[in-house]
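Geometric and topological summary
What follows is the residue order along each chain.
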Amino acid sequence: MSTLIHPVAPQRGRWTDWLFSFGWLRFALYLMVLHTLMPSLFANARHVLDYMDDHTFHHLELANKITVLEYHQLPAWNPFFCGGNVGLAGPEDSFYAPDTLLRWFFDVGMARHLTVLLGLFLGAEGTFRLARATGSSGLASLSAALIMLTNSVIMPLWITNGFFNFTLGFGLLPWVCWCLLMGVDKPAYRYLGGFFFAWIFTHAGTYPAPYTLLVVGFLTFSMALMKRNEGDRAWLTPFVSATVLGVVFVLLALAKFVPLMLFLKQFSRTWAVIEQHPAPTIFSNFTGGYIPILVLAGLAPVLRDRWGAVFALGAGLFFVLAMGDFDPLSPYHLLKQLPLFKQLRSPERHVILVIQFLVLGAARTITLVEDAIAQSVPWALGASSLSVLPRSLRIGAVALGTACAAGIFAPKYVQMVKQSAPSYASVQYSFEPARHMQQPFRQQRGNRRDGHVFPAMHAGSLACITGIPVPQSRLLRGDLQAEEYPLDPALATVRRVYWSPNAITLDVTARRATRVLINQNYHRYWRSREGTVVSHQGLLAVNVPAGQHRVTLRFVDWPSYIAASISLLTLLGLLGLLARYAWTYLLELARPFGSKNTSKPNR
Amino acid sequence: MSASPTKKSSIARRVRAVIATLDAHTQRALPAAQVPRSRATVLLFLTAQACAFAFFIKTVRTTLVPLVKTPEPPRIPAPTSMTRFGMTEELRRAVFRELAEAEFNERNRAITQNTWGGHAWSREDDLGYVQRARGREVASRYNLSLTQVYLVLDEGIRSRWPGIDGQPLVPTTEPLNLRTE
């Protein structure tokens, strides 16, 4: 039986934690802080950022939206970029992420604003819950959440560049960790953790997902170590939690995982630069405004707090990783030898995990101070402990601890939050939104630096960029009168009957067997019942026999569809479980109204 | 009007129940099953949640609602006998000339300065940078949208309008070939 009014964490040490347990109040606080510190996020809702990568992501998301909402197809193929390229399989694609719904219900530009807010918001709330789960007080956890909400270590750079997959992915990371911790005792959290992990992965989680894997591994081993003396194989429980979480993650993420792996098997990225950053450079990220956090996080292990030690160790580990490939035995160099990690670059991105562990460590110290003040009351009164004091004194002592800790630490935290504001000044949505236009689809020469403009005018941009280079035919053109045409105009005529991103229907009249070219790149998943689909110097083409034919080309990605079906079934199963848990909770809530026996407090 | 003694004692009992709940949170050792619960605490809990939710909604109304109510920019106008993309042909040709000039200059610069050691995709990418900058400048000067500027560029390429060297612009682009360093 669970408590009715309970803090997020399982422990119930301070009644003042209850004051911080109202989620809606925290959410309102996060919104107010963001609105005050980063007004640009709330203005020019349809505008895009100045940086080109934001335009590219905008392009991909708009192309997905058009494919789904206008053509009712899965965006397996994206004809709007590079002259045609894989959609779902692309590492940058975020179609399967739950936040896709935002882009369906709102304008893509607007949805991208909301995605940033959601990422920061989730990062804060996840940190709050994670801190609570490790025993930190409500006050300390809220302090940690506010720092993660406004941290200027690397987040402003990511937002300015349009890397919202990082904002959201690293915002979800603490949720995975929270579920891992809670999952040690409560199985439901393991499923939830798998869901959050899958969300990270499906939202272009090329970096956040491997990093999450590292953090989950680190926390699992840390918890196993902490539980080694608890008996009854308690040390195994973190591994059980991590394994179930991992299995749910794999099943949910399979829809993205299978096409992505097949894609990466075909193409890979070569990154020859050896990246390394001296320790002072990494350290300078934290010495500016975050000295109090450094000091508090450093104090926790000194005060012999176990979670404090784990967080300090985590911060240290990811600090060294952020230093990059400085030695053949450096952690980053060793990490790069692993299959999932070898394509990663920019090791300095690990600083986000350093700040994450530091704020959690600092929360431990604040909690220790808060508890020490509360426990000084019985000491001052000559009592052995809080529990022997009268009820009113017990409540007062805890309130005193919280109030004093707030008085000591709140000004420092408010100052740190305020100091982060100038770093976000570079986030300016100054670039005008694309204007929409309906016309038959055609390829333009385009410009990848203004990628957001082209899908809006129902056109493709041949000029493009992708993280992993894909083959592009040299025969792609931006000046064709018709996008589908015969190789030899003297032998055949071609008329477009229907066009959609994943299916094209043509009427072909051929005097002799000939070849019809489509102004898109070839891919092996294109199929046609009439004729044979071939690559014509990298261009999509179909060999047709003589006569009149209605040729329908379809992009059919069976591995992706099978994987998506498995993920969908898993999701439905999880929704069923969620409904069951919700029902149980409601019954629990209604219990005092149904029976006289349980409505009386126990004494 | 004063409350009856029965009612008073009932209220007092409920207040005591709420305090008992707070106290239960103070005692670490108290097992979850023994944490007192009552109708009063459930009602307190629900009321507090409702107040918190109302406050959250108020915050959303002042912060997020204006964001999601931003009006859509006007669509590109349909063609008329005199205009296309909302522009006369004269204006479209003037815009195209400016874009073509920037492209001609950038391609010449790439050759004379041997930019990127001849890496063709990188040069094309530089052209994209120049085109974007000139496109924004032209759009601002002629009071157009960037979308209109790209539509004009596309029309000029497709219709083979001459650039400043008298030749049409190249209708193809260099295939994607990222640098590895």
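The structure this text deals with has already been given above.
Residues numbered from 1 in each chain as written. Chains lettered and ligands numbered in written order. Predicted model: local features only at pLDDT ≥ 70, side-chain atom pairs only at ≥ 80, totals over all residues. Heavy atoms only, no water.

1. Quick look at the overall build of chain A
Note the following rule: Helix and strand labels come from DSSP, where a helix needs a run of H or I of at least four residues and a strand needs a run of E of at least two; each type is numbered from the N terminus. Taken over C-alpha atoms, the radius of gyration is set against a globule rule of 2.2 Å times the number of residues to the power 0.38. Any residue under 20% of the maximum accessible area for its type is buried, any over 50% is exposed, and the rest in between are partly exposed; the area is computed with a 1.4 Å probe on protein chains only.
Counting its secondary structure elements, chain A contains 19 helices and twelve strands. Relative to its length of 603 residues, chain A is compact, with a C-alpha radius of gyration of 28 Å against a globular reference of 25 Å. Along the first, second and third principal axes, the C-alpha set of chain A runs to 105 × 60 × 45 Å. Split into buried and exposed, the 603 residues of chain A put 60% on the buried side.

2. Topic: the nonpolar core
For soluble globular proteins, the rule of thumb is that nonpolar side chains tend to be buried together. Residue and element names in this part refer to chain A. Convention followed: For this analysis, a nonpolar core means a set of buried residues of the types Ala, Val, Leu, Ile, Met, Phe, Trp, Tyr and Cys, connected via side-chain atoms within 4.5 Å. We call two residues in contact whenever any of their non-hydrogen atoms come within 4.5 Å of each other.
Core analysis: the biggest nonpolar cluster contains 124 residues, and Tyr30, Leu120, Leu219, Ile293, Ile352 and Tyr413 have the highest contact counts within it. Sorting elements by how many residues they give to this core places helix H7 (residues 164-182) first, with 14 residues. Leaving out residues up to four positions away in the same chain, Tyr30 has contacts with Phe121, Ala124, Glu125, Phe128, Leu142, Ala145, Leu146 and Leu149. In terms of nonpolar packing, the next biggest core, distinct from the first, is built from 30 residues, Leu62, Ala63, Phe80 and Phe555 among them.

3. Some details on the packing of aromatic side chains
The description of two aromatic rings rests on the distance between their centres and on the angle between their planes. Filter applied, for reference: Pairs were defined over the aromatic rings of Phe, Tyr and Trp, the Trp ring being its six-membered one, requiring ring centres within 6.5 Å. Orientation was assigned from the angle between planes: stacked under 30 degrees, edge-to-face over 60, tilted for the rest. Over a ring means this: the NZ of a Lys or the CZ of an Arg is within 6 Å of the ring centre and within 35 degrees of the ring normal.
Under the criterion given, the structure shown has 43 aromatic pairs over all chains. With a centroid separation of 5.0 Å and 40° between ring planes, the pair formed by Trp24(A) and Phe56(B) is classed as tilted. Pair noted here: Trp24(A) is in helix H1 (residues 23-37) and Phe56(B) is in helix H2 (residues 39-68), and the two residues belong to different chains. You can call Trp24(A) partly exposed: its relative accessible area is 30%. On the basis of an interplanar angle of 85° and a centroid distance of 5.2 Å, the ring pair of Trp178(A) and Tyr189(A) is categorised as edge-to-face. With Trp178(A) in helix H7 and Tyr189(A) in helix H8 (residues 187-202), the pair connects residues that are eleven residues apart, well separated along the chain. The exposure class assigned to Trp178(A) is buried, which follows from its relative accessible area of 4%. A network of ring pairs unites the aromatic residues Trp24(A), Phe27(A), Tyr30(A), Phe121(A), Phe53(B) and Phe56(B) as a single cluster. Just above the ring of Tyr207(A) sits the side chain of Arg349(A); from NZ or CZ to the centre is 4.5 Å.

4. Looking at the state of the cysteines
Residues and elements named next belong to chain A. Rules: Only a pair of cysteine sulfur atoms within 2.5 Å qualifies as a disulfide here.
This structure, assessed with the given rule, holds one disulfide over all chains. Each sulfur of the disulfide joining Cys82 and Cys464 lies 2.0 Å from the other. Judged by the sign of its S-S torsion, about 110°, the bond between Cys82 and Cys464 is right-handed. Here the residue Cys82 occupies a position in the loop between strand E1 (77-78) and strand E2 (85-86), and Cys464 occupies one in the loop between strand E4 (459-461) and strand E5 (484-486), the gap between them amounting to 382 residues. Taken individually, Cys82 and Cys464 each receive the classification buried, so the pair is uniform in this respect. Not engaged in a disulfide, the cysteine Cys179 finds its nearest cysteine sulfur in Cys177; these two sulfurs lie 9.3 Å apart. Accessibility expressed as a relative area gives 0% for Cys179, which makes it buried.

5. Topic: the sheet that holds strand E8 (residues 514-521) of chain A
Residues and elements named next belong to chain A. Put simply, the rule is: Note on pairing: DSSP must find at least two bridges between two strands before they are called paired. Only the contacting stretch of a helix is used when fitting its axis, a line to C-alpha atoms as for every element, and angles between N-to-C directions run 0 to 180 degrees.
Strand order in this open sheet of four strands is E5-E8-E11-E10, and the pairing throughout is antiparallel. Bordering the open sheet on either side are E5 and strand E10 (532-536), each of which pairs with just one other strand. Averaged over all neighbouring strand pairs, the angle between strand axes comes to 30°, with direction disregarded. The pairing of E8 with strand E11 (residues 539-544) spans six bridges and is classified as antiparallel. Bridge pairing in E11 links Asn521 to Leu539.

6. A closer look at a nonpolar patch on the surface
All names here are of chain A. Heads up, the condition is: Patch members must show over 30% relative accessible area and no salt bridge, and they are joined within 9 Å when carrying like charges or within 5 Å when they are nonpolar side chains of Val, Leu, Ile, Met, Phe, Trp or Tyr. Note on areas: Shrake-Rupley with a 1.4 Å probe; residue coverage comes only from the protein chains shown. The term salt bridge refers to a side-chain nitrogen of Lys or Arg lying within 4 Å of a carboxyl oxygen of Asp or Glu.
Taken together, the side chains of Leu568, Leu569, Leu571, Leu572, Leu575 and Leu578 define a hydrophobic patch exposed on the protein surface, amounting to about 580 Å² of accessible area. Note that Leu569 resides in helix H18 (residues 558-594). Judged by its relative accessible area of 62%, Leu569 is exposed.

7. Re helix H3 (residues 89-112) of chain B
Quick reminder of the rule: A helix is expected to span 1.5 Å multiplied by its residue count minus one.
Look at H3(B): 34 Å from first C-alpha to last across 24 residues, which is about the 34 Å you get at 1.5 Å a residue. A positive phi of about 45° marks Asn114(B), the residue just after H3(B).

8. Concerning the environment of Gln113(B)
Residue and element names in this part refer to chain B. Counting through the fold element by element, Gln113 comes out in the loop between H3 and helix H4 (120-141). Residue classification places Gln113 among the exposed residues on the basis of a relative accessible area of 51%. Remark: the alpha-carbon pair of Gln113 and Ser159, spanning 46 residues in sequence, is separated by 31 Å.

9. Comments concerning the packing of helix H9 (residues 208-226) of chain A against helix H13 (residues 306-322) of chain A
All names here are of chain A. Spelled out, the test is: Note on convention: near helix rotated counterclockwise from far helix by under a right angle means a left-handed crossing. Clockwise means right-handed. Gly is put with the polar residues, along with every residue not named as nonpolar or charged; the nonpolar set is Ala, Val, Leu, Ile, Met, Phe, Trp, Tyr, Cys and Pro, and the charged set is Asp, Glu, Lys and Arg.
Two elements in contact, H9 and H13, have axes separated by 11 Å at closest approach and are oriented at 145°. Seen from above, H9 lies across H13 with right-handed handedness. On H13, the residues touching Leu214, Val215, Phe218, Leu219, Ser222, Met223 and Met226 of H9 are Arg306, Trp307, Val310, Leu313, Gly314, Leu317, Phe318 and Leu321. Across the contact of H9 with H13, the residue classes break down as twelve nonpolar, two polar and one charged.

10. Points about the sheet that holds strand E7 (residues 503-510) of chain A
Residues and elements named next belong to chain A. Ordered by their spatial adjacency, four strands build an open sheet running E6-E7-E12-E9, and the pairing between neighbours is antiparallel. Lying at the two open borders of the sheet, with one neighbouring strand each, are strand E6 (492-500) and strand E9 (526-528). On average, each strand axis in the sheet is tilted by 20° relative to the strand beside it, whichever way the strands run. In the sheet, E6 pairs with E7 via eight bridges, with the strands oriented antiparallel. For Ser500, the partnering residue across the bridge sits in E7 and is Ala503.

11. Quick look at the pairing of strand E12 (residues 547-555) of chain A
Residues and elements named next belong to chain A. In this structure, E7 lies alongside E12, joined through eight bridges in antiparallel fashion. The residue of E12 that forms the bridge with Ala503 is Arg554. Here E9 pairs with E12 via three bridges, running antiparallel. Opposite Ser528, over in E12, you have Leu553 as the bridge partner.

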